[in-house]
Amino acid sequence: MKIAASDYFSELEVEPTGESWNGLPFYKLLKPLTYYDDLVTVNSGFITDFASIPKGFRDKLPAFREYAPAAVVHDYLYSTHTVSDRFTADNIFLRAMKDCGTPWRGRWAMYLAVRLFGAAAWEARIGWDPKAR
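Not measured: the values here are computed from a predicted model. (Residues numbered from 1 in each chain as written. Predicted model: local features only at pLDDT ≥ 70, side-chain atom pairs only at ≥ 80, totals over all residues. Heavy atoms only, no water.)

## Some points on the packing of aromatic side chains
Then, in step 1: By the definition in use, this model includes five aromatic pairs.
Then, in step 2: With 5.0 Å between their ring centres and 40 degrees between their planes, Tyr-27 and Phe-50 make a pair best called tilted. Placement of the pair is Tyr-27 in strand E3 (residues 24–29) and Phe-50 in the loop between strand E6 (47–48) and helix H1 (68–80), with a sequence separation of 23 residues.
Then, in step 3: Given a relative accessible area of 1%, Phe-50 falls into the buried group. (Phe/Tyr/Trp six-rings, centres within 6.5 Å; stacked < 30°, edge-to-face > 60°. Helix = DSSP H or I, 4+ residues; strand = E, 2+ residues; numbered from the N terminus. Buried < 20%, exposed > 50% of the residue type's maximum accessible area, 1.4 Å probe, protein only.)

## Observations regarding the pattern of salt bridges
Then, in step 1: Enumeration according to the criterion identifies seven salt bridges in this entry.
Then, in step 2: A salt bridge links Lys-31 to Glu-13; the shortest N-O distance between them is 3.7 Å. Residue Lys-31 is found in the loop between E3 and strand E4 (33–35), and its partner Glu-13 is found in strand E2 (residues 12–21); the two are separated by 18 residues along the sequence.
Then, in step 3: You can call Lys-31 partly exposed: its relative accessible area is 31%.
Then, in step 4: Among the charged side chains, a salt-bridge network with shared partners connects Glu-11, Glu-13 and Lys-31. (Salt bridge = Lys/Arg side-chain N within 4 Å of Asp/Glu carboxyl O.)

## What about the confidence of the model for the protein chain?
Then, in step 1: Across the protein chain, pLDDT averages 85, with 84% of residues at or above 70.
Then, in step 2: In the model of the protein chain, strand E1 (residues 2–3) stands out as the element of lowest mean pLDDT, 81, in contrast to E4, which has the highest, 96. (pLDDT = per-residue confidence, 0-100.)

## Section: unusual backbone geometry
Then, in step 1: Backbone geometry places Leu-39, a non-glycine residue, at a positive phi of 50 degrees.
Then, in step 2: Within the secondary structure, Leu-39 is located in the loop between E4 and strand E5 (40–42).
Then, in step 3: Residue Leu-39 is classed as exposed on the basis of its relative accessible area of 69%.
Then, in step 4: Notably, His-81 is not glycine yet its phi reads approximately 55 degrees, a positive angle.
Then, in step 5: In this structure, His-81 sits in the loop between H1 and helix H2 (86–99).
Then, in step 6: With relative accessibility at 23%, the residue His-81 sits in the partly exposed group.

## Things to note about a nonpolar patch on the surface
Then, in step 1: The grouping of Trp-104, Trp-108, Leu-112, Leu-116 and Phe-117 at the surface amounts to a nonpolar patch, some 640 Å² of accessible area in total.
Then, in step 2: According to the relative accessible area criterion, Trp-108 is partly exposed, its value standing at 39%. (Patch = residues over 30% accessible without salt bridge, like charges linked within 9 Å, V, L, I, M, F, W, Y side chains within 5 Å. Areas by Shrake-Rupley, 256 points an atom, 1.4 Å probe, with all protein chains shown as cover.)

## A word on helix H3 (residues 104–117)
Then, in step 1: The end-to-end C-alpha distance of H3, which contains 14 residues, comes to 20 Å, matching closely the 20 Å that a straight helix rising 1.5 Å per residue would cover.
Then, in step 2: Every buried residue belonging to H3 is among Gly-106, Arg-107, Met-110, Tyr-111 and Val-114, and all of these are buried. Along the axis of H3, the buried positions cluster into a sector of 130 degrees, meaning they face one direction only. Those residues of H3 that are exposed and aimed more than 90 degrees away from the buried face are Trp-104, Arg-105, Leu-116 and Phe-117.
Then, in step 3: On the buried face of H3, the contacting elements are H1 and H2. (Expected span 1.5 Å × (residues − 1). Arc of directions from axis to C-beta. Contact = heavy atoms within 4.5 Å.)

## Some remarks on the environment of Leu-30
Then, in step 1: Relative to the elements of secondary structure, Leu-30 occurs in the loop between E3 and E4.
Then, in step 2: On a C-alpha basis, the gap between Leu-30 and Ser-44 in space is 5.2 Å, while along the polypeptide they are 14 residues apart.
Then, in step 3: In contact with Leu-30, not counting residues within four places along its chain, are Glu-13, Val-14, Glu-15 and Ser-44.

Put into structure tokens, the structure is as follows:
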């Protein structure tokens, strides 16, 4: 699966790992993904589920859409803590979704969801390694 490069992101290319968690499949980056606005580079081999959308909302907000590069960067920031705090990671996610062209309702819904429910994932710092679940 691919999303073409843009002014803000390098090309996103992933393949399924064959593993999943809570009904969400995992994907492995086949090459590095860079978000130029905040100079975040996610290394190839990183495992992501894109957006961890609860089952009841997946028909309206599927995990793989235009915001997929932003979701990969957010997963990476949560798993590596390469920024100082969760608030910073979540705000990078919000800006990155805008840069991906995500409509304002979708990006604010996803931003509010990570602000309200993301603390446990930030604290756990387990990343998206299927074996860590």
